[in-house]
2 protein chains.
Amino acid sequence: MLRVVISGPSGSGKGTIVQELIKYKNYKLSISATTRAKRKTEEDGVHYFFKTIDEFKQMIEQDELLEYTEFCGNFYGTPKSFVDKTIQDGFDILLEIEVNGALNIKEKYHDAILIFIIPPTFTKLKDRLIQRNTETTEVINYRLTRAKEELKLFKEYDYIIVNDDLDQAIKQINTIVESEKLRSFRQKEVIEKMLNN
Amino acid sequence: MLRVVISGPSGSGKGTIVQELIKYKNYKLSISATTRAKRKTEEDGVHYFFKTIDEFKQMIEQDELLEYTEFCGNFYGTPKSFVDKTIQDGFDILLEIEVNGALNIKEKYHDAILIFIIPPTFTKLKDRLIQRNTETTEVINYRLTRAKEELKLFKEYDYIIVNDDLDQAIKQINTIVESEKLRSFRQKEVIEKMLNN
């Protein structure tokens with residue numbers, strides 16, 4: 001089973017893509033650990049693993065996180081145990097993670113599949129961010145500058161998906177996942193079984 | 001467009017797979033050069049590029065062949081120019097080549113896709129070779145020994161296809177080709193275009 005990391009700039013539509021993908025029965029979504037306060041609608045172990053700062057720091061020290069980051073004074077990270085258990089249970093795990101975190105995952109799991117979602121045009125990215133109507137021009141400009149920086153790192157990713165049409169993007173990600181399962185380094189057991197039968 | 005190398009032991013069904021694949025309009029089959037005599041049913045530039053020994057040796061000297069081999073006193077090789085032209089014309093080129101030749105292609109084109117076709121079981125491979133009823137037990141045993149040797153090299157290939165069901169095998173190869181086109185190192189132009197629009 002595969003570790004599939006999905007990244008992309010704000011406005012690339014990666015969140016929608018992930019929500020569509022988990023409708024397929026082979027995928028499970030990675031659950032992050034966080035120190036931020038639990039909202040009323042959220043459930044521990046479903047939306048996040050809610051941790052105190054001490055607990056989170058202990059996870060860092062004991063190398064229990066595949067990657068972590070601080071954002072607005074709160075910590076967010078990916079617990080290794082949940083990812084590994086999901087793989088053992090026979091699912092492909094989806095990790096929606098920003099660029100630096102994604103590269104950390106690749107460092108720990110060389111066979112992780114890194115997929116970068118991009119908008120069809122930069123203008124479209126800008127339009128999407130403006131249409132959201134939830135952010136100031138300053139925040140939007142910050143996100144656009146950051147998007148350009150992130151896009152320069154595209155070569156670090158294994159695959160690029162242009163999110164012009166949602167159905168097409170989902171189909172392409174499923175194609176990548178099916179294809180990756182046929183990679184020779186994942187077929188050692190298949191070869192051995194064939195030779196002995 | 002992609003250079004797709006298909007290999008597999010005798011009896012793996014690689015020939016049938018290649019014949020099915022070229023029915024899809026994105027593929028063209030690589031045409032080999034050979035010094036063997038043209039048969040009445042064969043056409044120069046369609047089935048083979050027929051060459052004299054001197055012409056063939058000149059092609060070797062001028063590095064015009066991606067790989068070549070001698071078999072029963074005749075030379076067989078893959079002309080580079082035909083492969084390159086086919087790619088330029090916008091087709092994926094299929095090269096049906098044995099293991100050593102395939103590894104030579106990978107050395108010359110790092111982005112070539114090497115696909116290894118295996119039978120579902122070794123017993124099935126044996127059965128297929130016996131059912132052909134065209135070869136002596138000695139030749140069959142030679143082919144089986146050679147198959148085991150070739151199968152040890154599976155890690156040198158990018159992908160392994162178990163040819164249990166022909167339709168499934170064709171579908172899997174098409175999946176690999178579609179997926180490979182989404183690889184980030186093939187998307188430089190897509191990224192640049194996106195950033196400028």
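Scroll up to find the structure.
The structure contained in this document is the topic of the report that follows. (Residues numbered from 1 in each chain as written. Chains lettered and ligands numbered in written order. Predicted model: local features only at pLDDT ≥ 70, side-chain atom pairs only at ≥ 80, totals over all residues. Heavy atoms only, no water.)

Brief notes about the overall build of chain A
Piece 1. When helices and strands are tallied, chain A shows eight helices and nine strands.
Piece 2. Computed over C-alpha atoms, the radius of gyration of chain A comes to 18 Å, within 12% of the 16 Å expected from 2.2 N^0.38 for 197 residues, which places it in the range of a compact globule.
Piece 3. When its C-alpha atoms are laid out on the principal axes, chain A stretches across 65 × 45 × 30 Å.
Piece 4. Looking at chain A as a whole, 44% of its 197 residues qualify as buried.
Piece 5. Pairs at least 24 residues apart make up 65% of the contacts formed inside chain A by residues separated by at least 6 positions.
Piece 6. For chain A, the exposed area adds up to about 10700 Å²; of that, 48% sits on carbon and sulfur atoms.
Piece 7. Side chains of chain A give 30 positive and 32 negative charges; the mean places of these two sets differ by 3 Å. (Helix = DSSP H or I, 4+ residues; strand = E, 2+ residues; numbered from the N terminus. Rg over C-alpha atoms; globule rule 2.2 N^0.38 Å. Buried < 20%, exposed > 50% of the residue type's maximum accessible area, 1.4 Å probe, protein only. Contact = heavy atoms within 4.5 Å. Areas by Shrake-Rupley, 256 points an atom, 1.4 Å probe, with all protein chains shown as cover. Lys, Arg positive; Asp, Glu negative; His and termini not counted. Charge placed at Lys NZ, Arg CZ, Asp CG, Glu CD.)

Side note on helix α1 (residues 14-21) of chain B
Residue and element names in this part refer to chain B.
Piece 1. Inspection of α1 places Lys14, Ile17, Val18 and Leu21 among the buried residues, and these make up the whole buried set. Looking straight down α1, one finds its buried side chains confined to an arc of 100 degrees; they lie on one side.
Piece 2. Buried residues along α1 sit in contact with β1 (3-7), β2 (27-29), β7 (92-96), β8 (113-118) and α7 (166-180). (Arc of directions from axis to C-beta.)

Side note on the relation of the copies chain B and chain A
Piece 1. With an RMSD of 0.0 Å, the operation that places chain B on chain A is a rotation of 180 degrees combined with a shift of 0.0 Å along the axis. Given the turn and translation reported, the copies of this chain are related as if by a two-fold rotation axis.
Piece 2. Of the residues that chain B buries at the interface, 100% are likewise interface residues in chain A, meaning the two copies contact each other through the same surface. (Least-squares fit on C-alpha atoms with pLDDT ≥ 70 in both.)

Some thoughts on the interface of chain B and chain A
Piece 1. In this assembly, 32 residues from chain B lie in contact with 32 residues from chain A.
Piece 2. Buried area between chain B and chain A, both sides added, is near 2900 Å², and the carbon and sulfur share of it is 70%.
Piece 3. Sorting the residues of chain B by area buried against chain A places Leu182(B), Ser184(B) and Met194(B) first, and these three jointly supply 22% of that buried surface.
Piece 4. Where chain B meets chain A, there are zero salt bridges.
Piece 5. Our count for the chain B to chain A interface comes out at 15 residue pairs in polar contact (both at pLDDT 80 or more).
Piece 6. Elements with a minimum of two residues in the side of chain B that touches chain A: α5 (122-132), α6 (137-151), β9 (159-162), α7 and α8 (188-195) of chain B.
Piece 7. In terms of residue count, α7(B) provides more of the side of chain B that touches chain A than any other element does, six residues in total. (Buried area = accessible area lost by both parts, 1.4 Å probe. Salt bridge = Lys/Arg side-chain N within 4 Å of Asp/Glu carboxyl O. Polar contact = N/O pair within 3.5 Å; in protein donor to acceptor, adjacent residues only side chain to side chain.)

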